[in-house]
Amino acid sequence: MGKHRTLFIVRGLYLDIASWATDDAYWAEWAAPSFLTREDTAGANKNKRRTQARIHQRIRDLSPLLPKLLMSTAQELKEAQSLLAAGTAAEQGQEFEYRGVTYHRREMSRSRINDPRGSSRVWITGGSFERRIDLTQREENCFWSWALINTLSETGVRIEELVEITTHAFSIYRLPESSEALPLLQIVPSKTDRERILLISPELAHVFAQVKKRVSTADGRVPLAVRYDSAERTYGLPLPHLFQLRSGSERRTMSSEWVPSGSGNP
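Residues numbered from 1 in each chain as written. Predicted model: local features only at pLDDT ≥ 70, side-chain atom pairs only at ≥ 80, totals over all residues. Heavy atoms only, no water.

Visitor: Honestly, the overall build of the protein in this entry has me stumped. Any pointers?
Guide: Across its full length, the protein holds eight helices and 11 strands. Its C-alpha atoms give the protein a radius of gyration of 25 Å, clearly above 18 Å, the size a compact globule of 266 residues would have. Expressed along its principal axes, the backbone C-alpha trace of the protein runs to roughly 75 × 60 × 40 Å. Contacts in the protein between residues far apart in sequence, at least 24 positions, make up 49% of those at least 6 positions apart. Accessible surface, the protein as shown: approximately 17700 Å² in total, 52% of it carbon and sulfur. Side-chain charges of the protein comprise 37 positive and 32 negative groups, with the mean position of each set lying 4 Å from the other. (Helix = DSSP H or I, 4+ residues; strand = E, 2+ residues; numbered from the N terminus. Rg over C-alpha atoms; globule rule 2.2 N^0.38 Å. Contact = heavy atoms within 4.5 Å. Areas by Shrake-Rupley, 256 points an atom, 1.4 Å probe, with all protein chains shown as cover. Lys, Arg positive; Asp, Glu negative; His and termini not counted. Charge placed at Lys NZ, Arg CZ, Asp CG, Glu CD.)

Visitor: Even after reading the chapter, I still don't get the side chain of glutamate 139, so can you show me in this structure?
Guide: Residue position: glutamate 139 is located in helix 5 (residues 135-155). Among the residues examined, glutamate 139 registers a relative accessible area of 7% and is labelled buried. Side-chain polar atoms of glutamate 139 contact the side chain of glutamine 81, separated by 3.3 Å. With residues near it in sequence (within four places) discarded, glutamate 139 still touches Leu77, Ala80, Gln81, Leu84 and Arg214. (Buried < 20%, exposed > 50% of the residue type's maximum accessible area, 1.4 Å probe, protein only. Polar contact = N/O pair within 3.5 Å; in protein donor to acceptor, adjacent residues only side chain to side chain.)

Visitor: How do you make sense of the sheet that holds strand 4 (residues 129-134) when you look at a structure like this?
Guide: Adjacent strands of a sheet pair through backbone hydrogen bonds, lying either parallel or antiparallel. Strand order in this open sheet of four strands is 1-2-3-4, and the pairing throughout is antiparallel. On the outer flanks of this sheet lie strand 1 (95-98) and strand 4, each paired with one strand and no other. When the angles between neighbouring strand axes are averaged without regard to direction, this sheet yields 30°. For strand 3 (residues 123-126) and strand 4, the ladder comprises three bridges, and the chain directions are antiparallel. Bridge pairing in strand 4 places isoleucine 124 opposite isoleucine 133. The strands touched by helix 3 (residues 66-89) within the sheet are strand 1, strand 2 (101-105), strand 3 and strand 4, with strand 1 carrying the most contacts at an inclination of about 150°. (Pairing = 2+ DSSP bridges. Axes fitted to C-alpha atoms, helices over the stretch in contact; angles between N-to-C directions.)

Visitor: Sorry, what's going on with the sheet that holds strand 5 (residues 170-174) here?
Guide: With antiparallel pairing, three strands are arranged side by side in an open sheet as 5-6-7. The sheet is open, and its two borders are formed by strand 5 and strand 7 (196-199), each paired with just one other strand. Put simply, the sheet's adjacent strands are angled 40° from each other on average, direction ignored. The pairing of strand 5 with strand 6 (residues 181-187) spans five bridges and is classified as antiparallel. Bridged to isoleucine 172 within strand 6 is proline 183.

Visitor: Explanation requested: a positive patch on the surface in the structure shown.
Guide: A contiguous patch of positive charge, built from Lys46, Arg49, Arg50, Arg54 and Arg58, is present on the exposed surface. For arginine 49, the location among the structural elements is in helix 2 (residues 44-62). (Patch = residues over 30% accessible without salt bridge, like charges linked within 9 Å, V, L, I, M, F, W, Y side chains within 5 Å. Salt bridge = Lys/Arg side-chain N within 4 Å of Asp/Glu carboxyl O.)

Visitor: How should the packing of aromatic side chains be read in this particular structure?
Guide: Any pair of aromatic rings gets described here by the distance separating the centres and the angle formed by the planes. Tallied over the full model, the rule gives 10 aromatic pairs. Ring centres of tryptophan 20 and tryptophan 27 lie 4.9 Å apart, and the angle between their planes is 55°; on these two criteria the pair is classed as tilted. When the centroid spacing of 5.8 Å and the interplanar angle of 45° are considered together, the rings of phenylalanine 143 and tryptophan 146 count as tilted. One end of the pair, phenylalanine 143, and the other, tryptophan 146, are both in helix 5, three residues apart, so they sit about a helical turn from each other. (Phe/Tyr/Trp six-rings, centres within 6.5 Å; stacked < 30°, edge-to-face > 60°.)

Visitor: I tried to follow the environment of isoleucine 124 on my own but got confused; where do I start?
Guide: Of note, isoleucine 124 is situated in strand 3. With relative accessibility at 0%, the residue isoleucine 124 sits in the buried group. Aside from chain neighbours lying at most four places away, what touches isoleucine 124 is Leu83, Phe96, Tyr103, His104, Arg105, Arg106, Phe129, Arg131, Arg132, Ile133 and Leu135.

Visitor: Help me understand helix 7 (residues 202-215) in this model?
Guide: Note on helix geometry: an α-helix contains 3.6 residues per turn, so any two residues three or four positions apart are oriented the same way. An ideal rise of 1.5 Å per residue puts 20 Å on 14 residues; helix 7 measures up with 20 Å between its terminal C-alpha atoms. Burial in helix 7 covers these residues: Leu204, Val207, Phe208, Val211 and Val215. One side of helix 7 holds all its buried residues, which, seen down the axis, span an arc of 95°. Summarising the geometry of helix 7, the exposed residues directed more than 90 degrees from the buried face are Pro202 and Lys213. Tucked into the core, helix 7 has its buried residues touching helix 5, strand 5, strand 6, strand 10 (244-247) and strand 11 (250-253). (Expected span 1.5 Å × (residues − 1). Arc of directions from axis to C-beta.)

Visitor: Looking at this model, I keep getting lost on the pattern of salt bridges. Mind explaining?
Guide: For side chains bearing opposite charge, pairing can occur when the charged atoms are close. Scanning all chains against the criterion turns up eight salt bridges. Between arginine 214 and glutamate 140 there is a salt bridge, and its shortest N-O distance comes to 3.0 Å. Here the residue arginine 214 occupies a position in helix 7, and glutamate 140 occupies one in helix 5, the gap between them amounting to 74 residues. We classify arginine 214 as partly exposed; its relative accessible area is 27%. Residue arginine 196 is joined to glutamate 161 by a salt bridge in which the shortest nitrogen-to-oxygen separation is 2.5 Å. In this pair, arginine 196 sits in strand 7 while glutamate 161 sits in helix 6 (residues 159-162), placing the two residues 35 residues apart along the sequence. Relative accessible area serves as the criterion here: at 29%, arginine 196 is assigned to the partly exposed category. Taking the relative accessible area as the measure of exposure, glutamate 161 reaches 6% and is therefore buried. Where salt bridges share partners, they join Glu139, Glu140 and Arg214 into one cluster.

These values are about where atoms sit, not about what they do.
Next comes the structure, spelled out in structure tokens:
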């Protein structure tokens with residue numbers, strides 16, 4: 001599909017210049033018929049169908065592994081949280097034991113102690129960790145891996161749609177007959193330019209509750225965060241995005257590039 005996509009871009013450029021020339025004489029000298037013919041782009045639809053078939057086959061091959069992935073991320077999160085709790089309970093510079101393995105909590109440097117963002121972090125050595133490791137960051141990574149994978153699994157949304165979810169996307173619909181409350185999630189238009197409304201399952205509600213708890217301030221409010229659109233290269237308005245991270249003194253939403261790469265465990 002790469003070859004055909006490049007050819008379509010080139011042909012589109014010729015058409016754009018011809019269109020611009022009708023409104024602006026500056027482009028007139030650059031306007032010319034495209035040298036590409038229908039024969040050059042023949043087979044594009046067949047190539048597209050083959051690509052879609054490969055994607056669908058990969059989904060069928062990987063689907064049986066999804067339950068194992070969900071279970072694995074849940075276990076890793078639980079393990080990371082337990083180890084972090086044990087490390088936090090130990091004094092700096094002291095050894096502690098966790099599940100029969102001895103670890104050593106490293107002392108913080110003076111610069112980190114004076115830094116409010118670093119003073120609460122727990123660094124350890126020992127066990128399977130050959131180097132000093134930040135347990136606080138490890139637990140953070142495990143949490144976001146668990147939250148992202150479960151959200152994608154329960155909703156089927158694209159990553160670009162996931163990072164745009166805000167607290168404004170939640171609503172309650174009551175059935176007229178029984179007045180039963182149904183939690184709904186609004187997915188803003190993106191690739192298909194169509195709005196979608198999804199029913200929130202109990203499992204997804206639990207994930208969102210944990211995410212909200214993680215990012216909320218002391219008063220229970222989800223802080224405003226700015227989203228950077230890498231395609232348009234613009235910053236959006238501050239909104240209460242759920243999937244957000246602290247960047248220095250600011251809060252930024254997760255980027256589409258960070259989701260598959262930055263949430264991995266160290």
